[in-house]
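Descriptive analysis of the structure
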Amino acid sequence: GADEDEYQLRRYCAMQVAECSYEKRPEGYTLLDGYTQGGENAAGIPMPRTAPCLMLPCLSPKRMRYVLPSPHTPLDSTKEPVPAPAPTCDLLETKNLPSFTVAVKRFSGYGTPDIVFGLRDELKAS
């Protein structure tokens, strides 16, 4: 496995995500699980959970995203994502994210703003 002191740079292809605001993480998971695994979408189809779950804990309100499975997020990076079925819950939205690059580091505990900004500052200083 990767050394816990090291960062990884990851480039993600364009993808479709389901997204919601949350106060506490279980709320976000419940909403997103309903849309994906529970089939609470306009097509009425369940979808498998994917990884990673993207969390934006430094926004206000906090946001959580599930990457939607193929064909909504293509396995072939040369293909365009297929639009996702509309959520049946008005607390959720789907969107197409362009490709992006992130720095990733494994850590223990929760991704609170203090932790996230501390790791960001550590990376910028290196």
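Further up the page is the structure itself.
We now turn to the structure provided with this report. Note that the structure is a prediction, hence the values are computed from the model and not measured.

1. Focus: the overall build of the chain
Across its full length, the chain holds 2 helices and 6 strands. Going from N to C terminus, the chain has its helices and strands arranged as β-β-α-β-β-β-β-α. Overall size of the chain, expressed as C-alpha extent along the three principal axes, is 45 × 35 × 25 Å. Intrachain contacts of the chain at a sequence separation of at least 6 include 68% that bridge at least 24 residues. Carbon and sulfur atoms provide 54% of the accessible area of the chain, an area that totals close to 8100 Å².

2. Here's the deal with the pattern of salt bridges
One pass over the structure, following the stated rule, counts 7 salt bridges. We note a salt bridge from Glu19 to Arg65, for which the minimum N-O separation is 2.3 Å. Of this pair, Glu19 sits in strand 2 (residues 15-22) while Arg65 sits in strand 4 (residues 62-67), and the two are 46 residues apart along the sequence. Put simply, Glu19, Arg63, Arg65, Glu93 and Lys95 are held in one network by salt bridges that share partners.

3. Let's talk about the sheet that holds strand 4
Ordered by their spatial adjacency, 4 strands build an open sheet running 3-4-2-5, and the pairing between neighbours is antiparallel. The open sheet terminates on both sides in strands that have one partner only, identified here as strand 3 (53-56) and strand 5 (92-97). The average angle at which neighbouring strand axes cross in this sheet is 30°, direction not considered. Note that strand 3 and strand 4 share 4 bridges and pair antiparallel. The residue of strand 4 that forms the bridge with Cys53 is Tyr66. Its contacts with the sheet put helix 1 (residues 25-36) on strand 2, strand 3, strand 4 and strand 5, and the angle it makes with strand 2 is roughly 140°.

The rules behind these values
- Residues numbered from 1 in each chain as written.
- Predicted model: local features only at pLDDT ≥ 70, side-chain atom pairs only at ≥ 80, totals over all residues.
- Heavy atoms only, no water.
- Helix = DSSP H or I, 4+ residues; strand = E, 2+ residues; numbered from the N terminus.
- Contact = heavy atoms within 4.5 Å.
- Areas by Shrake-Rupley, 256 points an atom, 1.4 Å probe, with all protein chains shown as cover.
- Salt bridge = Lys/Arg side-chain N within 4 Å of Asp/Glu carboxyl O.
- Pairing = 2+ DSSP bridges.
- Axes fitted to C-alpha atoms, helices over the stretch in contact; angles between N-to-C directions.

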